[in-house]
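So the chains spell out like this:
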Amino acid sequence: MSYTKKTWVSKELITTNAMNNIETGIENAHKDVESLTTEVNKKLTKPTEEGTSGQILSLGEDNALEYVNMPTNATITDVTATVDANTGTPEVEVSLGGTEEARTFSFSFKNLKGSKGDKGDSGAKGQGIFTAKEALTPSGTTTADKINNGENIAQNDTIIDINGDVFTVTSISDSTINLSEKLFSLKTA
């Protein structure tokens, strides 16, 4: 039975029921304290047998204290991980192996693959490398017919002329290909 607190008002009449309510609350609180004390004492009762050097107190399966050997410092000797190719709710399974002195861990990840997404937009043409059929002029222009496979050339592509000089396509306007300054030369002296 739970206790219901009464809020007293000045000059209120003290009744038998109100006094009994107080007494019941005190009695229930006393019982609760005794019950908690019993539980605490069970857990804090010293084991009947004394421990030895290298042992520590531990709470046993029966919730009573007992002496156990102190854990040793283990070395992790191996960690492995696997990932499956399934979709679903992601999860991981961890397996402990080895000995107390040489532990191993194995992680098995499942359902990490997401569902197939929508196809993305086609990107800009990649940067290609082209060769010119003639010497080019830095910051100059040329035309696609003077570039090997020039019909496929795009802005930011690289062109190497017959002298080994390297340029970048800065822009293309109609049939005119605009070039950057010479970036460097592939020929050595």
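Being a predicted model, the structure only gives us computed values, none of them experimental.

Chemist: Looking at this structure, how should I read the nonpolar core?
Modeler: A general feature of soluble globular proteins is that nonpolar side chains tend to end up buried together. Ranked by size, the top nonpolar core spans 10 residues in total: Phe-130, Ala-132, Leu-136, Ile-147, Ile-153, Ile-159, Phe-167, Val-169, Ile-177 and Leu-179. The set of elements that each furnish at least two residues to this core consists of β9 (165-173) and β10 (176-179).

Chemist: Please clarify how the pairing of strand β2 (residues 65-69) should be interpreted in this entry.
Modeler: Two faces, one strand: in a regular strand the side chains alternate between the faces of the sheet. Pairing between strand β1 (residues 55-59) and β2: 5 bridges, direction antiparallel. Bridged to Ser-58 within β2 is Glu-66. Once β1 ends, the chain turns through 5 residues before running back antiparallel as β2, passing Asn-63 with a positive phi of about 65°.

Chemist: Sorry, what's going on with the packing of aromatic side chains here?
Modeler: Aromatic ring pairs are reported here in terms of the distance separating the ring centres and the angle at which the planes meet. Enumeration according to the criterion identifies 1 aromatic pair in this entry. Across from the ring centre of Trp-8, 4.9 Å away, lies the NZ or CZ of Lys-6, which sits over that ring.

Chemist: Just checking my understanding: could you explain the pattern of salt bridges for this structure?
Modeler: Should the charged atoms of two oppositely charged side chains come close, the side chains can pair. Scanning the entire structure with this criterion turns up 5 salt bridges. Residues Glu-27 and Lys-31 are paired through a salt bridge, measuring 3.8 Å at the closest nitrogen-oxygen approach. Within this pair, Glu-27 and its partner Lys-31 are both found in helix α1 (residues 16-44), separated by 4 residues, close to a single helical turn. Judged by relative accessible area, Glu-27 falls into the partly exposed class, the value being 44%. Under the relative-accessibility criterion, Lys-31 is labelled partly exposed at 47%.

Chemist: Is there a simple way to think about unusual backbone geometry in this case?
Modeler: Peptide bonds are trans in most cases, and residues, glycine excluded, mostly fall at negative phi. In the Ramachandran plot, Lys-11 falls in the positive-phi region, its phi being about 70° despite a non-glycine side chain. For Lys-11, the position within the fold is in the segment before α1. A relative accessible area of 85% means that Lys-11 is categorised as exposed. Its identity as a non-glycine residue notwithstanding, Ser-139 has a phi of 55°, on the positive side.

Chemist: Looking at this structure, how should I read the side chain of Ser-180?
Modeler: Relative to the assigned elements, Ser-180 resides in the loop between β10 and β11 (184-185). A residue is classified by how much of its surface remains accessible, and Ser-180, at 12% relative accessible area, is buried. Ignoring anything within four residues of it in the chain, the contact list for Ser-180 reads Pro-138, Ser-139, Phe-167, Thr-168 and Thr-170.

What counts, and at which threshold
- Residue indices begin from 1 for each chain and proceed along its sequence in written order.
- Selection of residues for local features in this predicted model requires a pLDDT of at least 70, selection of side-chain atom pairs for listing and counting requires 80 or more, and totals for whole chains, interfaces and linings are taken over all residues.
- As a rule here, side-chain values cover all heavy atoms of the structure and leave hydrogens and water aside.
- Put simply, a nonpolar core is a bunch of buried Ala, Val, Leu, Ile, Met, Phe, Trp, Tyr and Cys residues held in one set by side-chain atoms that sit within 4.5 Å of each other.
- Exposed residues in this analysis have more than 50% of their type's maximum accessible area, buried residues have under 20%, and partly exposed residues fall in between, with area computed by a 1.4 Å probe over protein chains only.
- Under the DSSP-based scheme used, a helix requires at least four consecutive residues in state H or I and a strand at least two consecutive residues in state E, with every element numbered from the N terminus.
- Each pair of strands is called paired provided DSSP finds at least two bridges between the two strands.
- Pairing of aromatic side chains here covers Phe, Tyr and the six-membered ring of Trp, requires ring centres within 6.5 Å, and sorts the geometry by plane angle: under 30 degrees stacked, over 60 edge-to-face, intermediate tilted.
- Comment: the charge-over-ring label is applied if NZ (Lys) or CZ (Arg) is within 6 Å of the ring centre and within 35 degrees of the ring normal.
- Should a side-chain nitrogen of Lys or Arg be within 4 Å of a carboxyl oxygen of Asp or Glu, the pair is scored as a salt bridge.
- When checking whether two residues touch, look at their non-hydrogen atoms; a contact exists if any pair is within 4.5 Å.

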